[in-house]
Amino acid sequence: MTQMPGEEDCVLVFGGSCNGMRLGDVHRAQLGRAAAAWDKPCKDCDDTCEAATVEWTCQHPSGVQPCPRSAHAAAIFEEKLIICGGEGEAGLLNDCHILDTFTWTWSSITPSLPYPLSNHTAVALPGIISSFCFSEPSLFLFGGRTLAPCSGETLAGCL
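Residues numbered from 1 in each chain as written. Predicted model: local features only at pLDDT ≥ 70, side-chain atom pairs only at ≥ 80, totals over all residues. Heavy atoms only, no water.

Draft legend 1. Region of the structure containing the overall build of the protein. Within the protein, the secondary structure is distributed over 0 helices and 11 strands. Along its sequence from the N terminus, the protein presents helices and strands in the succession β-β-β-β-β-β-β-β-β-β-β. For the protein, the residues scored as buried account for 35% of the 159 residues in total. Expressed as a percentage of contacts within the protein between residues at least 6 apart in sequence, the contacts between residues at least 24 apart total 45%. Surface exposure of the protein reaches about 9600 Å², of which carbon and sulfur atoms provide 56%. (Helix = DSSP H or I, 4+ residues; strand = E, 2+ residues; numbered from the N terminus. Buried < 20%, exposed > 50% of the residue type's maximum accessible area, 1.4 Å probe, protein only. Contact = heavy atoms within 4.5 Å. Areas by Shrake-Rupley, 256 points an atom, 1.4 Å probe, with all protein chains shown as cover.)

Draft legend 2. View of the side chain of Ser 118. Locating Ser 118 in the fold gives a position in the loop between β8 (105-109) and β9 (121-125). Contact partners of Ser 118, with chain neighbours within four places excluded, come to Ala 71, Gly 86, Glu 87, Leu 92, Gly 144 and Arg 145.

Draft legend 3. A look at the pattern of salt bridges. Counted by the stated rule, this structure contains 4 salt bridges. Between Glu 87 and Arg 22 there is a salt bridge, with its nearest N and O atoms 3.3 Å apart. Remark: Arg 22 occurs in strand β3 (residues 21-34) and Glu 87 occurs in strand β6 (residues 80-88); sequence separation between them is 65 residues. For Glu 87, a relative accessible area of 15% puts it in the buried group. When the shortest N-O distance is used, the salt bridge between Arg 69 and Asp 95 registers 2.8 Å. Placement of the pair is Arg 69 in the loop between β4 (52-59) and β5 (73-77) and Asp 95 in strand β7 (residues 91-100), with a sequence separation of 26 residues. (Salt bridge = Lys/Arg side-chain N within 4 Å of Asp/Glu carboxyl O.)

Draft legend 4. How the structure looks around the sheet that holds β5. Reading across from one edge, β5-β6-β7-β8 is the order of the 4 strands in this open sheet, with antiparallel pairing throughout. Looking at which strands have only one partner, the edges of the open sheet turn out to be β5 and β8. Taking each pair of neighbouring strands and ignoring which way they run, the sheet shows an average axis angle of 25°. (Pairing = 2+ DSSP bridges. Axes fitted to C-alpha atoms, helices over the stretch in contact; angles between N-to-C directions.)

Draft legend 5. Inspection of the side chain of Thr 146 at higher detail. Take Thr 146: it is sitting in the loop between β10 (138-142) and β11 (154-158). With sequence-adjacent residues up to four places away left out, Thr 146 is seen in contact with Leu 92, Tyr 115, Pro 116 and Leu 117.

Draft legend 6. Expanded view of the nonpolar core. One finds Ile 82, Cys 84, Leu 113, Ala 122, Leu 139 and Leu 141 to be the most contacted residues of the largest nonpolar core, which totals 13 residues. Taken together, the elements giving at least two residues each to this core come down to β5, β6, β7, β9 and β10. Listed in part, the 10 residues of the second largest apolar core include Phe 14, Ile 83, Leu 99 and Trp 106. (Core = buried A, V, L, I, M, F, W, Y, C linked by side-chain atoms within 4.5 Å.)

Draft legend 7. Layout of the environment of Ser 138. Of note, Ser 138 is situated in strand β10. The sequence separation of Ser 138 and Phe 77 amounts to 61 residues, and the corresponding C-alpha distance is 9.2 Å.

Draft legend 8. Quick look at a nonpolar patch on the surface. A cluster of nonpolar side chains, namely Leu 31, Val 54 and Trp 56, defines an oily patch on the protein surface of about 280 Å² accessible area. Residue position: Leu 31 is located in strand β3. (Patch = residues over 30% accessible without salt bridge, like charges linked within 9 Å, V, L, I, M, F, W, Y side chains within 5 Å.)

Encoded structure:
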């Protein structure tokens, strides 16, 4: 789940799994303001809870869609959702894809990851000119599970 670019109250969800089946669809969740429920007891507990409304919409991007997957990493950079690796029906994946959220079009990133990777995390950072930072916008992947022993290395690439 990643925050939709330019929208504070909207998130994107790609893939996942349900009852052992891998998913490959894109959903957009528009988070509504908390309902005026703070003065009403929660039905699940004795406390008072704020209830927010969520409106889910299935998106239908064009382009070559990534295969269904779970345990992948996702990050937002500018208007683009980047997904990397994960677990597909045939096992661990090493591919990367970009969903342009302005045109709603999928594209692939080449080269892909150096090895199949799942259960990892990703963060996209803008370019910063500094002796301590990358000067180009970069995508960092950390941790996860591979087919070979891994020492928790960090993968970095320019966007």
